[in-house]
Amino acid sequence: MASRSKLVIKVTAGADAPERCSQAFTVASVAAASGTEVSLWLTGESAWFALPGRAAEFELPHAAPLPDLMAAVQASGRITLCAQCAARRGIEEKDVIEGVRIAGAQLFVSEIMPEGVQALVY
């Protein structure tokens, strides 16, 4: 592989759809571990996982713990919280886990448009 591939994942689900949520985080962490550049976007109900301690409250039998999956993504990739989703939930920059940025649709579009980028939505 001549250049490092990039995967952008938007997760829209949280505790409201735990299997879909877990799949998104699992795919993101596996991709990051395999050397793929990963950008994980927290939108909708997954926005809550940008807050300290919230990922640890997530439970799904036979699934890796969410904090571990998030740490794997953060080790080599980036986690972004949707700006509108944050605003609707009263979440501000000062509230989020270190390393999580808040950004909007313009940045999301700029991440997914380049040649060779794969985007997934869960």
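So, a few notes on the structure that sits alongside this text. Only a predicted model underlies this, so the values are computations on that prediction, with no experimental measurement involved.

**Describing unusual backbone geometry**
A positive phi is found at His 62, a non-glycine position, where the angle reads about 65°. Topologically, His 62 is positioned in the loop between strand E2 (37-42) and helix H2 (66-76). A relative accessible area of 90% places His 62 in the exposed class.

**Some details on the nonpolar core**
Residues Phe 25, Leu 40, Leu 42, Phe 49, Leu 66 and Leu 81 are the most contacted members of the largest nonpolar core, which totals 33 residues. With near-sequence residues (within four places) excluded, Phe 25 lies in contact with Val 11, Leu 40, Leu 42, Phe 49, Leu 66, Leu 69 and Met 70.

**Notes on the environment of Gly 35**
Within the secondary structure, Gly 35 sits in the loop between helix H1 (18-33) and E2. Remark: the alpha-carbon pair of Gly 35 and Gly 77, spanning 42 residues in sequence, is separated by 9.7 Å.

**Observations concerning the side chain of Ser 46**
Structurally, Ser 46 is set in the loop between E2 and H2. We classify Ser 46 as buried; its relative accessible area is 0%. Of note is the side chain of Ser 46, whose polar atom sits 2.8 Å from the backbone oxygen of Val 11. Sequence-distant contacts of Ser 46, defined by excluding residues within four places in its chain, comprise Val 11, Thr 12, Ala 13 and Gly 14.

**So, the packing of aromatic side chains**
Under the definition given, this model contains 3 aromatic pairs. Between the aromatic rings of Phe 25 and Phe 49, the centroid separation amounts to 5.9 Å while the plane-to-plane angle is 85°, which identifies the pairing as edge-to-face. Of this pair, Phe 25 sits in helix H1 while Phe 49 is found in the loop between E2 and H2, placing the two residues 24 residues apart along the sequence. Each member of the pair Phe 25 and Phe 49 is classed as buried. Here the aromatic rings of Trp 41 and Phe 108 are separated by 5.3 Å at their centres, their planes lie at 80°, and the arrangement is edge-to-face. Placement of Trp 41 in strand E2 and of Phe 108 in helix H4 (residues 105-112) is noted, with a sequence separation of 67 residues between them. In this pair, the class of Trp 41 matches that of Phe 108, namely buried. Here a set of aromatic residues connected by ring pairs shows up, and it is made of Phe 25, Phe 49 and Phe 58.

About the thresholds
- Residues numbered from 1 in each chain as written.
- Predicted model: local features only at pLDDT ≥ 70, side-chain atom pairs only at ≥ 80, totals over all residues.
- Heavy atoms only, no water.
- Helix = DSSP H or I, 4+ residues; strand = E, 2+ residues; numbered from the N terminus.
- Buried < 20%, exposed > 50% of the residue type's maximum accessible area, 1.4 Å probe, protein only.
- Core = buried A, V, L, I, M, F, W, Y, C linked by side-chain atoms within 4.5 Å.
- Contact = heavy atoms within 4.5 Å.
- Polar contact = N/O pair within 3.5 Å; in protein donor to acceptor, adjacent residues only side chain to side chain.
- Phe/Tyr/Trp six-rings, centres within 6.5 Å; stacked < 30°, edge-to-face > 60°.

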